[in-house]
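# Structure at a glance
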Amino acid sequence: NLSSNIIDGEIPNDFSQLHSLEVLDLSNNRLRGGIPRGLGSLPNLQVFIISGNSIGGFFPNNLCNAPRLRTIISNNNQLIGNIYLSIMLLQWFF
C-alpha cells in the first residue's frame with residue numbers, strides 16, 4: 001500500500017515487472033503522467049487504485065489483459081477518452 005505518501009512524479013513502468021503483485025494502491029499522492037501500458041501484463045494483479053492524483057491521458061485498454069484484475073478505482077484524476085467495454089466488465093470500476 002503506497003497510498004497517501006506524497007509520492008510525486010509518474011507511475012514507474014517498473015511496476016510491470018512485479019509479477020506477484022496482487023494489489024497496487026497508489027491513491028492520494030501527487031502522481032501525474034499516464035498509466036503505464038505494462039501493467040496489463042501483470043498476471044496476478046487484482047486491484048488497481050489510483051484515485052486522488054493528477055494522472056492524465058487515455059485509460060490503456062490493455063490494462064484488462066491482466067487476467068485476475070477485478071477492481072479499478074481511478075476517480076479524481078484527469079483521464080480522458082472512451083472506457084472500453086472490457087473495462088466495464090470488471091467487478092468494480094470507479
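Structural notes, computed from the coordinates.

Counting secondary structure elements, the chain contains one helix and eight strands. Taken from N to C terminus, the helices and strands of the chain fall in the order β-β-β-β-β-β-β-α-β. Counting only residues that meet the buried cut, the chain has 43% of its 94 residues in that class.

Attention shifts here to the nonpolar core. If you look at the biggest cluster of nonpolar residues, it comprises 18 residues, and the most contacted ones within it are Leu24, Leu39 and Phe48. Once residues lying within four places of it in the same chain are set aside, the contact partners of Leu24 are Phe15, Leu39, Leu45, Val47, Phe48 and Ile49.

Another aspect to go through is the sheet that holds strand 7 (residues 78-80). In sheet architecture, strand pairing relies on hydrogen bonds along the backbone and comes in two forms, parallel and antiparallel. Strand order in the open sheet made by the four strands is 1-3-5-7, with parallel pairing throughout. Each of the sheet's edge strands pairs with one partner strand only, and the pair in question is strand 1 (8-10) and strand 7. Taken over all neighbouring pairs, the strand axes of this sheet differ in orientation by 20 degrees on average, direction set aside. Both strand 3 (residues 30-33) and strand 5 (residues 54-58) contribute to a ladder of two bridges, which runs parallel. Within strand 5, the residue paired with Arg32 across the bridge is Ser54.

The rules we used
- Sequence order sets the numbering: in each chain, residues are counted from 1 along the sequence as written.
- Thresholds applied to this predicted model are a pLDDT of at least 70 for local features of residues and 80 or more for the giving and counting of side-chain atom pairs; totals over whole chains, interfaces and linings are not thresholded and use all residues.
- As a convention, hydrogens and water are excluded, and side-chain values are obtained from all of the structure's heavy atoms.
- Segments assigned H or I by DSSP are reported as helices when at least four residues long, segments assigned E as strands when at least two residues long, and all are numbered from the N terminus.
- Each residue is placed in one exposure class: buried if its accessible area under a 1.4 Å probe, protein chains only, is under 20% of its type's maximum, exposed if it is over 50%, and partly exposed if it falls in between.
- Residues enter a nonpolar core if they are buried and are Ala, Val, Leu, Ile, Met, Phe, Trp, Tyr or Cys, with the set joined through side-chain atoms within 4.5 Å.
- When checking whether two residues touch, look at their non-hydrogen atoms; a contact exists if any pair is within 4.5 Å.
- One bridge is not enough; two strands pair if DSSP finds at least two bridges between them.
- Fitting a line to C-alpha atoms yields each axis, with helices limited to the stretch in contact; the angle taken between N-to-C directions then spans 0 to 180 degrees.

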